[in-house]
Structures are given as structure tokens and as C-alpha cells.
Amino acid sequence: DQQVKQNSPSLSVQEGRISILNCDYTNSMFDYFLWYKKYPAEGPTFLISISSIKDKNEDGRFTVFLNKSAKHLSLHIVPSQPGDSAVYFCASTTGANNLFFGTGTRLTVIP
Amino acid sequence: DVKVTQSSRYLVKRTGEKVFLECVQDMDHENMFWYRQDPGLGLRLIYFSYDVKMKEKGDIPEGYSVSREKKERFSLILESASTNQTSMYLCASSRHYEQYFGPGTRLTVT
């Protein structure tokens, strides 16, 4: 059973506009959430994270929002750049050291 | 910077062959992981290890085994490769929540 879901397999956005990637989870015990970015033929790289005690975390153009009551998190990229085109995975953990990953969203930023 | 290396970027093996995938990390991380990535399925955990000689099954351990004889090295073994094990294999290591991934091995079993 998929505990972390990314319901949009793909997303296309114009360069300079906002990209919003969404993620839903079912396990109320998850207390830490992460976003990874993956280019083809490379391993995923860590992008940004958020603890369950916060509802927002920002790092440059990237902001992650957490809505615990809705069991929903989102990643905002502003402004989007062509180099942001990649597959984005959200991941969650209960505090153990293994992560539960979503199925990924392929973001295409159109120049 | 954390560095996780994997022994091969691309590998082609025949059905029934024994396959070894090696992973080495240089940051003295306790935890190491093996995933496979398939289109539409995301990253699925095969095995992980919290310490030397320790291993735990992930979500899809069938057809795989692992070995961790040294802290920095975690090996994935396909005892008898099958075509449904054609996939991208990713190794990762961590001290806490953030996992650092290697570049992946694209394995094709013919």
C-alpha cells in the first residue's frame, strides 16, 4: 500500500512562472518530509525538507509547505527555470531511518 | 561532500547469472540502502542495513540478498538474474533522515 502518493505524473510550466508539485500521505506518524530531484541517469539529490512541527520551509527559490490536517505537502519553485526540469520525489519517515517515497512527478519547464 | 559510488553505471547480464552490485560511501554513515526505480513505481526499497553485518528486508526483497562486511560497503546480490530484474538500481547512505544517493546502475537482464 502506497503511503506516499504523487498523483500527478507530469507537470509543464513556462519559464519564470511558479511550479507547484503536490504530495499526499496516509500515515499520521510521519514526522519528517523531504523532496528529492532526479535527472535522467543520475541518482536523486536532496532538495529541501520540513519537520512536522513546521508548516513552511524556504530555501532560495524552493519552498515546501506542510498541511498536517490534510496530510498534504507541496513544493513551490519560483521562478521556474529550464534547469529545474527533472523528476521530483517526495519522501516521508516516521523517525526511523528508512524513507517512504512517492512515485515521482516529472516537471518540464518550457523556455 | 558525501560521496556514494556504485561499481558500474551500466550492466548487461544473462538470465540465470549471479550479479553483484557494489556500493561504497565515504562519510562513515551507519545506514545504507538499496532501491530499484521503475517507471511509474517510484523508488522501492529492496534491503537496508543499520550496521555492519546487519540487514533488514525492505518492500521487495524477493530474488535479492545483501552483504555488509564493512561499514562503508554494501553489496546487492541477484542470485539468479531474471528479466523482471531489469531496472535502475540505486544505493544510498544516511546518518539520519537525509539519504545520499549514488549515480545508479542500469541493469539489463537478457
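Residues numbered from 1 in each chain as written. Chains lettered and ligands numbered in written order. Predicted model: local features only at pLDDT ≥ 70, side-chain atom pairs only at ≥ 80, totals over all residues. Heavy atoms only, no water.

Draft legend 1. Just the side chain of lysine 38 of chain A, in detail. Mapped onto the elements, lysine 38 of chain A comes out in strand S4 (residues 32–38). Of the side chains with opposite charge, glutamate 42 of chain A lies nearest to the buried lysine 38 of chain A, which makes no salt bridge, at 7.9 Å. Within the structure, lysine 38 of chain A has its side chain in polar contact with the backbone oxygen of glutamate 42 of chain A (distance 2.9 Å). Reaching out from lysine 38 of chain A, the side chain makes a polar contact with the side chain of glutamine 37 of chain B at a distance of 3.3 Å. (Helix = DSSP H or I, 4+ residues; strand = E, 2+ residues; numbered from the N terminus. Buried < 20%, exposed > 50% of the residue type's maximum accessible area, 1.4 Å probe, protein only. Lys, Arg positive; Asp, Glu negative; His and termini not counted. Salt bridge = Lys/Arg side-chain N within 4 Å of Asp/Glu carboxyl O. Polar contact = N/O pair within 3.5 Å; in protein donor to acceptor, adjacent residues only side chain to side chain.)

Draft legend 2. Structural view of the sheet that holds strand S8 (residues 73–78) of chain B. Residue and element names in this part refer to chain B. Strands sit in the order S1-S3-S8-S7 across an open sheet of 4 strands; the sheet is antiparallel. Each edge of the open sheet is held by one strand with a lone partner, namely strand S1 (4–6) and strand S7 (64–70). Geometrically, the sheet is characterised by an average inter-axis angle of 20° between neighbouring strands, direction not taken into account. In the sheet, strand S3 (residues 19–25) pairs with S8 via 6 bridges, with the strands oriented antiparallel. If you follow leucine 21 over to S8, its bridge partner there is leucine 76. (Pairing = 2+ DSSP bridges. Axes fitted to C-alpha atoms, helices over the stretch in contact; angles between N-to-C directions.)

Draft legend 3. Representation of the nonpolar core. Trp35, Leu73, Leu75 and Tyr88 of chain A are the most contacted members of the largest nonpolar core, which has 22 residues in total. Within the residue set of this core, elements represented by two or more residues are strand S3 (19–25), S4, strand S5 (45–51), strand S7 (62–67), strand S8 (72–77), strand S9 (86–93) and strand S11 (105–110) of chain A. In this structure, Val4, Leu21, Ile46 and Tyr64 of chain B belong to the second largest nonpolar core, which totals 20 residues. (Core = buried A, V, L, I, M, F, W, Y, C linked by side-chain atoms within 4.5 Å.)

Draft legend 4. Inspection of the interface of chain A and chain B at higher detail. Each partner contributes residues to the interface: chain A has 21 residues there, and chain B has 24 residues. At the junction of chain A and chain B, the tally comes to 0 salt bridges. Mapped by element, the contributors of at least two residues to the side of chain A that touches chain B are S4, S5 and S9 of chain A. For the side of chain A that touches chain B, the leading source of residues is S4 of chain A, giving 4 residues. The residue inventory of the side of chain A that touches chain B, partitioned by class, reads 10 nonpolar, 8 polar and 3 charged. (Contact = heavy atoms within 4.5 Å. Nonpolar A, V, L, I, M, F, W, Y, C, P; charged D, E, K, R; others polar.)

Draft legend 5. Spatial organisation of the state of the cysteines. The final tally for this structure, using the stated rule, is 2 disulfides over all chains. With its sulfur 1.9 Å from that of its partner, cysteine 23 of chain A forms a disulfide with cysteine 90 of chain A. The chirality of the disulfide connecting cysteine 23 of chain A with cysteine 90 of chain A is right-handed, given an S-S dihedral of about 65°. Separated by 67 residues along the polypeptide, cysteine 23 of chain A in strand S3 and cysteine 90 of chain A in strand S9 bring together distant segments of the chain. Judged by relative accessible area, which is 0%, cysteine 23 of chain A ranks as buried. Among the residues examined, cysteine 90 of chain A registers a relative accessible area of 0% and is labelled buried. At a sulfur-sulfur separation of 1.8 Å, the disulfide partner of cysteine 23 of chain B is cysteine 91 of chain B. Looking along the S-S bond of the cysteine 23 of chain B-cysteine 91 of chain B disulfide, the torsion reads about -75°, which is the left-handed sense. Linking cysteine 23 of chain B in strand S3 with cysteine 91 of chain B in strand S9 (residues 87–94), this pair joins segments that are 68 residues apart in sequence. (Disulfide = S-S within 2.5 Å.)

Draft legend 6. Layout of the pairing of S4 of chain A. All names here are of chain A. Among the 7 residues that make up S4, 7 are buried, leaving the element largely enclosed by the rest of the structure. Here S4 shows a buried face lined by Tyr32, Leu34, Tyr36 and Lys38 and a second buried face lined by Phe33, Trp35 and Lys37. The sheet contact formed by S4 and S5 spans 6 bridges and is antiparallel. Paired with tryptophan 35 across the strands is isoleucine 48, a residue of S5. Strand direction decides the pairing type here: S4 and S9, joined by 7 bridges, are antiparallel. Bridge pairing links tyrosine 32 to threonine 93 in S9.

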